[in-house]
Structure formats: C-alpha cells, structure tokens
Amino acid sequence: MSVMKNRAVLRWLVPVTAGVAVIGGGAAVGTFAAGADPALPPRSAAQLLEDLRTSRLDGLSGTVVQRADLGLPPIAALAGRATGNDLAGLVSGTHTLRVWYGGEDRQRLALVDTLGEQDILRNGRDVWTWNSRENTATHRLLPADAPDRATVPATPADAADRALEAIDPTTAVTVGRTATVAGRDAYELVLTPRDKASLVHQVRIALDAKEHVPLRLQVLADGQDEPAFQVAFTQVDFRTPEADQFRFNPPPGVKVTEATEGERPGPAGRRFDRKDAEKPDVRTVGTGWTTVVVAKIGDAATGDGAKPGADAPDAQMLTQVLGDLPKVSGDWGSGRLLSGKLFSVLLTDDGRVIAGLVTPERLYQAAKG
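Please read all numbers here as calculations on a predicted model, not as lab measurements.

What counts and how
- Residues numbered from 1 in each chain as written.
- Predicted model: local features only at pLDDT ≥ 70, side-chain atom pairs only at ≥ 80, totals over all residues.
- Heavy atoms only, no water.
- Core = buried A, V, L, I, M, F, W, Y, C linked by side-chain atoms within 4.5 Å.
- Buried < 20%, exposed > 50% of the residue type's maximum accessible area, 1.4 Å probe, protein only.
- Helix = DSSP H or I, 4+ residues; strand = E, 2+ residues; numbered from the N terminus.
- Contact = heavy atoms within 4.5 Å.
- Salt bridge = Lys/Arg side-chain N within 4 Å of Asp/Glu carboxyl O.
- Pairing = 2+ DSSP bridges.
- Axes fitted to C-alpha atoms, helices over the stretch in contact; angles between N-to-C directions.
- pLDDT = per-residue confidence, 0-100.
- Phe/Tyr/Trp six-rings, centres within 6.5 Å; stacked < 30°, edge-to-face > 60°.
- Lys NZ or Arg CZ within 6 Å of the ring centre and 35° of its normal.
- Arc of directions from axis to C-beta.
- Polar contact = N/O pair within 3.5 Å; in protein donor to acceptor, adjacent residues only side chain to side chain.

(A) Representation of the nonpolar core within the structure. By size, the foremost hydrophobic cluster in this structure holds 43 residues, and its most contacted members are Leu60, Leu189, Val203, Ile205, Leu217, Phe229 and Leu342. Ranked by the residues each element gives to this core, the list is headed by strand E12 (residues 200–208), at five residues. In this structure Ile205 touches Ala160, Leu164, Tyr187, Glu188, Leu189, Leu191, Pro214, Arg216 and Leu217, once residues within four positions along its chain are discounted. By size, the runner-up hydrophobic cluster in this structure holds 12 residues, among which are Val292, Val294, Leu337 and Tyr364.

Structure (structure tokens):
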C-alpha cells in the first residue's frame, strides 16, 4: 500500500532547484535545517513528499496514543452516547489504541480503557465490531467492490493522508527539526496555512527516516505552543502481523447482530442506516484552510424544539447536549455555536449545520450568504 493515497498532491510537486521548491502556484518549500537532533542527511520538503508518495507498507503493528485538547465544552462523551458511538469520545482527552495492519483488506483497531475494550476488525470483506462492556458484536459483509481503505482512520498515517489533501497554493510546506518517535529517527514535514483566518497554525508530520511512514501528527492551533491534537506511535513494528490477529472469535455469550446491506455497524454493536447519514444539500464556501461547509439538514438542529415523538433516551440526551450550547444570533439568523481551538460549528434554527477550521465570524458570514 502506498502510505499517501492522495495522488493529487503530486500535481503541486515540482523539482527542487537551488535548495528551494515550489508547490503549486506559490507554496514555498523549505529545506532541512542542519544541526537538528538526531543527525540525519538533509532532505527538502519536496524530497520528503516524494518519499511519502513512494513508500510501501506491507505490515505494521504498534501502540498509538492520541491526545486531544480542542478547548471544547465537556459534551463530547455525551454526544457519543447519544449517537451510539462511544468512539466519539476520542475528540477529547488521552486515549491508547493498539493497531494492526496486514494489507489493504486486513486491519484491526483496539481501543482499551478502564471500562473495557472496543475492537474493529476487517478481514477481507468481513468487518466486525465488538464491545466488551456490553458483550455485543456486529458483523458486516462489505460489497465486492468496496474500496481498499483503512476501515477506521486511527494511525498517524491515516491522519497525515487527510492533512496532505490540504496541500495547494494556500499552504506553505517546510521541513522542521528531526525527532525521535517510538525509538525511531524521523524527519518533520510542516504544513502552514497561508490564510491567517484559519484557526490552524501548523500541521507537523514526523516521517520515519527509513520506512517513510508517518509516526506522529500534531496540529497546533493559532496562538498555541502545544498541540491541540496529536496522534503518535509509542511503539511500532513493521513486520506483517500473523493472520490470526484479523480473525474475530466471538467470546461466550456475545450477542451478534448481522448488518444488512445499506447499514454500517456502530462501535457498540448498534446499527446505523446509511440513508440517515446522507446529506442531500451540501455546499462549500471559500477555499483551502478557510473552507466552510454548509449542510441543510431540514429540521431545526439546535434542540430548542424536539419533535413530539422524540422521547427515546438517546434523543433526549442529544437534545440536551445541543440545548447546552450557547445561543447566538445576528443578521444571518439565530442558532447555537460549538467552538474549539481548531474549529467552529454553527447549528442554525432554520436547520443548517455550518462548520470550518475558522472563527465563528466566518461562519456567520457564510450563514448570511
């Protein structure tokens, strides 16, 4: 598997001349600064991008630690419970995961906490989710033409693949200091948004100096010295895991649910119909790091007026979560605002969700337009 699946990055990559390269129409690419520790041969940003593009990964296992300090109100866990997705809690705090990769159709992720373990396994077309706390499992058979892509984006490589999609003329690409991650030497690739309206200050990707695989990804918010989000290996092994790691053996007494076509399994063994997640009216405003997504979801999204029949515990909890968000209003209308260090989300009373890596003021402008 090529670690960097997004080939669109290549159209911004041109040869290095005189130690400087240009990405696209104006993203400056700096060269490696000598004297960093550990000592590694100098590599330009263009060379590191090429290393990433051409890297091959046959197998991997390791421990990943994710830390998130997004400055969000304490509603993430409640939102996860309300939607049946306990993994939504990953948006806050520190979490440790075990990951295994045995090819494009074999992956496994295990989230272990003090209350139990949740696993997601893909073995060919079979996808299993298991929750030890509830002792429930869901099995889904993927279509024969399902894309070969990691079932759950949980590793630095998954996160880097998405960050690299942002490389265009709005991004300055440079090389930072070298680093040691999970006991391995690494280069650091730095993505800096040119538009100062973005809440993202920098994205830093540490690449294994030998395997060219991302070992760590850090996202720094504007005006902050410490990462608002980080996902990094603390231990990594590039040998291909044994096939048994990707086989799910239901434990005694487990309740197994078969997901029908058109459904996807939830981490807690619950099912979600694909049509529930469809967004028939979605548009974007702006470009690059300040792109704002506007989605029309129909009914009012703020939780001020729940439907008469919405008396299920999960619906009540979700209504409470949304109702706890601060009210905002202006010449664009009214609604509720969720804001953090890296992003803002506006839920309007007329049934729109407007979100982006921008300040709330940018969302209000999009709502007015």
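The rest of the description comes next.
(B) The arrangement of the pattern of salt bridges in detail. One pass over the structure, following the stated rule, counts 10 salt bridges. Its salt-bridge partner being Arg43, residue Asp51 comes within 2.8 Å of it at the nearest N-O pair. Residue Asp51 is classed as buried on the basis of its relative accessible area, which comes to 11%. By relative accessible area, which is 25% here, Arg43 ends up partly exposed.

(C) Representation of the side chain of Ser61. In this fold, Ser61 is placed in strand E3 (residues 60–68). A relative accessible area of 13% places Ser61 in the buried class. Ser61 has contacts with Val99, Trp100, Gln235, Val236, Asp237, Arg239 and Pro241, leaving out every residue within four places of it along the chain.

(D) Examining the sheet that holds strand E22 (residues 344–348) more closely. Spatial strand order, E18-E19-E23-E22-E21-E20: six strands in an open sheet with antiparallel pairing. For this open sheet the edge positions go to strand E18 (281–285) and strand E20 (327–330), each flanked by a neighbour on one side alone. Shown here is a sheet whose adjacent strand axes are inclined to one another by a mean of 25°, direction ignored. Where E18 and strand E19 (residues 292–296) come together, five bridges link them in antiparallel fashion. Residue pairing for E19: Arg283 is matched across the bridge by Val294.

(E) Here's a closer look at the confidence of the model for the protein chain. Per-residue pLDDT for the protein chain has a mean of 76; in total, 68% of the residues score no lower than 70. In the predicted structure, residues 1–36 sits below a pLDDT of 50 and forms 98 contacts with residues beyond four places in sequence or in another chain.

(F) Quick peek at the environment of Leu207. Turning to its location among the elements, Leu207 is positioned in strand E12. In sequence terms Leu207 and Leu49 are 158 residues apart; their C-alpha atoms lie 9.8 Å from each other. When sequence neighbours within four positions are dropped, the list of residues in contact with Leu207 reads Leu48, Leu52, Asp185, Ala186, Tyr187, Val213 and Pro214.

(G) Spatial organisation of the packing of aromatic side chains. Applying the stated criterion to the full structure yields two aromatic pairs. Geometrically, the ring pair formed by Trp332 and Tyr364 is stacked, given 5.2 Å between the ring centres and 5° between the ring planes. Remark: Tyr364 occurs in helix H5 (residues 360–368) and Trp332 occurs in the loop between E20 and strand E21 (333–339); sequence separation between them is 32 residues. By relative accessible area, which is 10% here, Trp332 ends up buried. Residue placement shows Arg108 over the ring face of Trp100; its charged tip is 4.4 Å from the ring centre.

(H) Fine view of unusual backbone geometry. Unusually for a residue other than glycine, Asn135 sits at a positive phi of about 50°. Looking at the secondary structure, you find Asn135 in the loop between strand E7 (126–131) and strand E8 (136–141). The exposure class assigned to Asn135 is partly exposed, which follows from its relative accessible area of 22%. For His212, which is not glycine, the phi dihedral falls at a positive 60°. Looking at where His212 falls in the secondary structure, it is placed in the loop between E12 and strand E13 (214–221). Take His212: its relative accessible area is 23%, and that puts it in the partly exposed class.

(I) Expanded view of H5. Among the residues of H5, Pro360, Leu363, Tyr364, Ala366 and Ala367 are the ones counted as buried. Buried residues of H5, seen end-on, are gathered within an arc of 160° and therefore sit on one face of the element. Across H5 from its buried face, at more than 90 degrees, point the exposed residues Gln365 and Lys368. Contacts made by the buried residues of H5 are with E18, E19, E20, E21, E22 and strand E23 (352–356).

(J) Expanded view of the side chain of Arg122. Along the polypeptide, Arg122 turns up in strand E6 (residues 116–123). Residue class for Arg122 comes out buried when judged on its relative accessible area of 5%. In terms of polar contacts, Arg122 uses its side chain to reach the backbone carbonyl oxygen of Gly124, at 2.9 Å.

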